[in-house]
Amino acid sequence: MKRIFSGIQPSGNLHLGNYLGAMKNWVALQHEYECIFCMVDMHAITVWQDPAELRATTRELAAGMIAAGIDPAKNVLFNQSQVAAHAELAWVFNCVARMGWLNRMTQFKEKAGKNRENVSVGLFAYPCLMAADILAYKATHVPVGEDQKQHLELTRDVAQKFNTDFGREVFPLPEPLIFGTATRVMSLRDGEKKMSKSDPSDYSRINMTDDADTIALKIRKAKTDPNPLPETTEGLVGRPEAANLLGIYAALLDKTLDQAIADVGGLPFADFKGKLADAAVAKLGPINAEMTRLRNDPAYVDGLLREGGAKAAALAKPVMDEVYEVVGFLRP
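Here the structure is a predicted model, which is why all the values come from computation and not from measurement.

**Some details on the overall build of the protein**
Phase 1 of the analysis: Each helix and strand in the protein was counted, giving 13 helices and five strands.
Phase 2 of the analysis: Taking 332 residues into account, the globule formula puts the C-alpha radius of gyration at 20 Å, and the protein, at 21 Å, falls close to it.
Phase 3 of the analysis: Projected onto the principal axes, the alpha-carbon positions of the protein cover approximately 70 × 45 × 40 Å.
Phase 4 of the analysis: Taking all 332 residues of the protein together, the buried fraction comes to 49%.
Phase 5 of the analysis: Of the contacts made within the protein by residues no fewer than 6 positions apart, 74% connect residues no fewer than 24 positions apart.
Phase 6 of the analysis: One way to put it: in the protein the 38 positive side-chain charges average out to a point 2 Å from where the 41 negative ones average out.

Written out as structure tokens, the structure reads:
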């Protein structure tokens, strides 16, 4: 059995990078794997969150995932805090993982910065929670970006050490699934910076809630260079904005980069941007409409997440029963 676990933080302002870098790939995976998709709200609170806003962004993320094509009837779709196994197993893994492993996590160093002594314990220990997210379901595969490979390696280390410590092959060593097409969508204002909701300029990103006119305007204003589009992939070297826009165009139309260049290579940016805007509106328009419908019916979304949480809890229960027995806990 091939089982996927993948999670995303409900941080609000879903944008094109979230769709092309994660959700679009997840939609494809649901036809090949047993998929568990999770809104990791427990990870979100490693830094302070406004409670009302966290609830709203969790619902928005669920709406975005469903609108993008993830079928909650076919997959397990839920928010992390609904399933106690995540927290229970994370504590066990806190007692298995070593401080030195966590100290080497580059994302913690980046997020903590110079304020290391004042960040939450949760921010330091969240790789153990991430391991619990995956292993509570004995997931065999995890879709990851290049910046998350280190965390999956730690998950494998935790699983291996648990199995070794207790002399039982309880957990699999999950394998990464890495996608090459447009997994890193860059800013429309700077082709060397990742598209991000935290960028102060709204023109740096295309939000999944943007209407057709806004999408077209943002693409028209996207930063370019003075030369026409190259006619070969080699011509993209040293041209980050051209590479970014062509990568987005290819991903929206399910083409390879070579196919995209064959289609639009040599065009001036003004003409290409019209084609790119049409492709973006065609892809995101229906998603926007469905997101709006779902956001206007929070009770329906909450019901879907409760159903998904019950499915997830049922999958995690035999795993946690096994963990309790192996570790030596008395099961309540």
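On we go.
**Some points on the confidence of the model for the protein**
Phase 1 of the analysis: Across the protein, the average pLDDT comes to 92, with 98% of residues at 70 or higher.
Phase 2 of the analysis: Averaged pLDDT values over the elements of the protein bottom out at 74 in helix H6 (residues 106–112) and peak at 98 in helix H4 (residues 85–94).

**Focus: unusual backbone geometry**
Residues apart from glycine generally show negative phi values, whereas peptide bonds are mostly found in trans.
Phase 1 of the analysis: With phi around 50°, Lys138 is a residue other than glycine that occupies positive phi space.
Phase 2 of the analysis: Using a relative accessible area of 24% as the deciding quantity, one classes Lys138 as partly exposed.
Phase 3 of the analysis: Here Asp254, not a glycine, exhibits a phi torsion of approximately 55°, which is positive.
Phase 4 of the analysis: Position of Asp254 among the secondary structure elements: in the loop between helix H10 (240–252) and helix H11 (257–264).

**Observations regarding the pattern of salt bridges**
Phase 1 of the analysis: For the coordinates displayed, the defined rule picks out 20 salt bridges.
Phase 2 of the analysis: Note that Asp302 and Arg59 form a salt bridge whose closest N and O atoms lie 2.7 Å from each other. With Asp302 in helix H13 (residues 298–327) and Arg59 in helix H3 (residues 51–68), the pair connects residues that are 243 residues apart, well separated along the chain.
Phase 3 of the analysis: In this structure Arg59 comes out as partly exposed when scored by relative accessible area, which is 29%.
Phase 4 of the analysis: In this structure, Asp202 engages Arg205 in a salt bridge whose closest nitrogen and oxygen atoms are separated by 3.5 Å.
Phase 5 of the analysis: A relative accessible area of 34% means that Asp202 is categorised as partly exposed.
Phase 6 of the analysis: Arg205 sits in the buried class, given a relative accessible area of 6%.
Phase 7 of the analysis: Connected through shared salt-bridge partners, Glu88, Lys317, Asp321 and Arg331 make up one network.

**Focus: the pairing of strand S3 (residues 76–79)**
Phase 1 of the analysis: Across the two faces of S3 the burial is the same, with Val76 and Phe78 and Leu77 and Asn79 all buried.
Phase 2 of the analysis: Relative to S3, strand S2 (residues 34–39) is paired through four bridges, and the arrangement is parallel. What sits directly across from Phe37, in S3, is Leu77.

**Some words on the nonpolar core**
Phase 1 of the analysis: One finds Leu16, Tyr19, Met65 and Phe272 to be the most contacted residues of the largest nonpolar core, which totals 60 residues.
Phase 2 of the analysis: Counting residues in hydrophobic clusters, the runner-up holds 49 residues, among them Cys38, Val40, Ala112 and Val326.

**Topic: the packing of aromatic side chains**
Phase 1 of the analysis: One pass over the full model with this rule turns up nine aromatic pairs.
Phase 2 of the analysis: Aromatic pair Phe93 and Phe162: ring centres 6.3 Å apart, planes at 80°, arrangement edge-to-face. Pair noted here: Phe93 is in helix H4 and Phe162 is in helix H8 (residues 149–166), with a separation of 69 residues, a long-range link. Grouping residues by exposure puts Phe93 and Phe162 together as buried.
Phase 3 of the analysis: One aromatic cluster in this structure is built from Phe93, Phe162, Phe166 and Phe171.
Phase 4 of the analysis: Lys2 extends its terminal NZ or CZ atom over the ring of Tyr33, reaching a point 4.7 Å from the ring centre.

**Overview of the pairing of S2**
Phase 1 of the analysis: Counting buried positions along S2 gives five out of six residues, so the element sits mostly inside the fold.
Phase 2 of the analysis: Pairing between strand S1 (residues 3–8) and S2: six bridges, direction parallel. Residue pairing for S2: Arg3 is matched across the bridge by Glu34.
Phase 3 of the analysis: This β-α-β element, S1 to helix H1 (residues 16–29) to S2, shows right-handed connectivity.

**Section: H13**
Phase 1 of the analysis: Across its 30 residues, H13 extends 40 Å between first and last C-alpha, which sits within 8% of the 44 Å expected from 1.5 Å per residue.
Phase 2 of the analysis: Within two residues after H13, Gly328 carries a phi angle of roughly 110°, on the positive side.

**Looking at H8**
Phase 1 of the analysis: Here H8 contains 18 residues, and its C-alpha end-to-end distance of 26 Å stays within 8% of the 26 Å for a straight helix at 1.5 Å per residue.
Phase 2 of the analysis: Among the residues of H8, those classed as buried are His151, Leu152, Leu154, Thr155, Val158, Ala159, Phe162 and Asn163.
Phase 3 of the analysis: Once H8 finishes, Gly167 follows within two positions and takes phi at roughly 65°, a positive value.

Conventions and cut-offs
Once a new chain begins, its residue numbering starts again from 1 and follows that chain's sequence as written. Two thresholds apply to this predicted model, a pLDDT of at least 70 for residue-level local features and 80 or more for giving and counting side-chain atom pairs, whereas whole-chain, interface and lining totals are computed over all residues. Calculated side-chain values reflect all of the structure's heavy atoms, with hydrogen atoms and water omitted. The way it works is that DSSP assigns letters per residue, a run of H or I at least four long becomes a helix, a run of E at least two long becomes a strand, and they are numbered from the N terminus. Only the C-alpha atoms count toward the radius of gyration. The rule for a globule is 2.2 Å times the residue count to the power 0.38. Categorising residues by exposure relies on relative accessible area from a 1.4 Å probe, with only protein chains included: less than 20% of the type maximum marks a residue as buried, more than 50% marks it as exposed, and the intermediate range marks it as partly exposed. Throughout, a contact is declared for two residues whenever any of their heavy atoms are within 4.5 Å. Under this rule, positive means Lys or Arg and negative means Asp or Glu; His and the chain ends count for nothing. Where a charge lies is defined by one atom per residue type, namely NZ (Lys), CZ (Arg), CG (Asp) and CD (Glu). pLDDT measures the predictor's confidence residue by residue and takes values from 0 up to 100. When a carboxyl oxygen of Asp or Glu lies within 4 Å of a side-chain nitrogen of Lys or Arg, that pair is called a salt bridge. Pairing between strands is defined by DSSP: at least two bridges between the two strands are required. By nonpolar core is meant a set of buried Ala, Val, Leu, Ile, Met, Phe, Trp, Tyr and Cys residues that side-chain atoms within 4.5 Å join together. Paired rings are identified among Phe, Tyr and Trp, the last through its six-membered ring, by centres lying within 6.5 Å, and are further divided according to the angle between planes into stacked (under 30 degrees), edge-to-face (over 60) and tilted (the rest). Each ring is checked for a lysine NZ or an arginine CZ that lies within 6 Å of its centre and within 35 degrees of its normal; such an atom marks a charge sitting over the ring. Place the viewer so that the strands point away; then a crossover is right-handed whenever the path from the first strand over the helix to the second strand goes clockwise. A helix is expected to span 1.5 Å multiplied by its residue count minus one.

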